[in-house]
Amino acid sequence: MSELSLFFAQNAACDATEEFIVSLRFKDKEGKPAVWKLRSMNEDENQECRKAATRKVKGKNGTYTTDIDPNEYMAKLMTSSVVHPDLKNSELQRSYGVMGAESLLRKMLLPGEFAALGERVQALNGFATDMNELVDEVKN
């Protein structure tokens, strides 16, 4: 096997998946904390999240610049990484009175739970920096 073949798609490790207990408030039939399933994503998926969180802002002299909403970007990363529960499920969204996976996640979780999930998603996707550093890097 040549050195280059180490990088061939068939030799790359598959997407990482893991189980994570986001909250002790959600319990299964046996009373144990419900396990969420998370997955890693590729850079194409990350770019979709970044693009969806980017807005054009009108500046001085009528020029436009792009601005990334870090909260929206993080919510999109999180919802893209959560496999279970299915955050796109309309019945689950209706039970919380919201529409959309990001809105559901914000409504379902307490602030500390939301932050813990965000940290786990970042680590799973290979981000070694905190969110503020990541946003600064994306802007440049």
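The shown structure was predicted, so the numbers you read here are calculated from the model rather than taken from an experiment. (Residues numbered from 1 in each chain as written. Predicted model: local features only at pLDDT ≥ 70, side-chain atom pairs only at ≥ 80, totals over all residues. Heavy atoms only, no water.)

A. The overall build of the protein, seen in detail. Summing up its helical and strand segments, the protein has six helices and five strands in all. Each helix and strand of the protein, ordered N terminal to C terminal, gives the series β-β-α-β-β-α-β-α-α-α-α. Here the protein, with 140 residues, has 33% of them falling under the buried criterion. Sequence separation of 24 or more characterises 52% of the internal contacts of the protein that already satisfy a separation of 6 or more. Taken as a whole, the protein presents about 9500 Å² of accessible surface, with 52% of it coming from carbon and sulfur. (Helix = DSSP H or I, 4+ residues; strand = E, 2+ residues; numbered from the N terminus. Buried < 20%, exposed > 50% of the residue type's maximum accessible area, 1.4 Å probe, protein only. Contact = heavy atoms within 4.5 Å. Areas by Shrake-Rupley, 256 points an atom, 1.4 Å probe, with all protein chains shown as cover.)

B. Molecular detail of the sheet that holds strand β1 (residues 17-20). Taken together, the three strands give an open sheet; going across it, the order is β1-β2-β5, and neighbouring strands pair in antiparallel fashion. Where the open sheet ends on each side, the last strands, each with one partner, are β1 and β5 (82-84). Neighbour to neighbour, the strand axes of the sheet diverge by 35 degrees on average, direction disregarded. Packed onto the sheet, helix α2 (residues 70-81) meets β2 (36-39) and β5 and runs at close to 35 degrees relative to β5. (Pairing = 2+ DSSP bridges. Axes fitted to C-alpha atoms, helices over the stretch in contact; angles between N-to-C directions.)

C. Main features of the packing of α2 against helix α5 (residues 111-124). In the contact formed by α2 and α5, the axes pass within 10 Å of each other and the chain directions differ by 70 degrees. Of the possible angle classes, the one that applies to α2 and α5 is roughly perpendicular. Contacts from M74, A75, L77, M78 and S81 in α2 reach F114, L117, G118, V121 and Q122 in α5. Per-class residue counts for the contact of α2 with α5 are seven nonpolar, three polar and no charged. (Parallel < 35°, antiparallel > 145°, perpendicular 65-115°, else oblique. Nonpolar A, V, L, I, M, F, W, Y, C, P; charged D, E, K, R; others polar.)

D. Layout of unusual backbone geometry. Residue P85 is bonded to the preceding H84 through a cis peptide linkage, with omega at 10 degrees. Located in the positive-phi region is N61, a residue other than glycine, with phi close to 60 degrees.

E. Representation of α2 within the structure. With twelve residues, α2 ought to run about 16 Å at 1.5 Å a step, and its terminal C-alpha atoms sit 17 Å apart, in line with that. Within α2, nine of the twelve residues are buried, leaving the element largely enclosed by the surrounding structure. Backbone nitrogen of N71 and a side-chain oxygen of the N-cap are separated by 3.0 Å at the start of α2; the cap is D69. (Expected span 1.5 Å × (residues − 1). Polar contact = N/O pair within 3.5 Å; in protein donor to acceptor, adjacent residues only side chain to side chain.)

F. Local environment of the side chain of S40. Examined against the element boundaries, S40 turns out to sit in the loop between β2 and α1 (43-52). Among residues more than four places away in sequence, those in contact with S40 are D15, A16, L124 and N125.

G. Spotlight on the pairing of strand β4 (residues 64-68). Pairing analysis gives five bridges linking strand β3 (residues 54-58) to β4, with the strands arranged antiparallel. Residue K58 lies in a different strand from β4, and its bridge partner there is Y64. Between β3 and β4, which follow one another and run antiparallel, lie five residues, and N61 among them has a positive phi close to 60 degrees.

H. Highlighting the packing of α2 against helix α4 (residues 101-108). Packing of α2 against α4 brings their axes to within 9 Å, and their N-to-C directions diverge by 95 degrees. The pairing of α2 with α4 is recorded here as roughly perpendicular in orientation. Of the residues in α4, those in contact with N71, E72, A75, K76, M78 and T79 of α2 are A101, E102, L105 and R106.

Coordinates in, geometry out; function isn't part of it.
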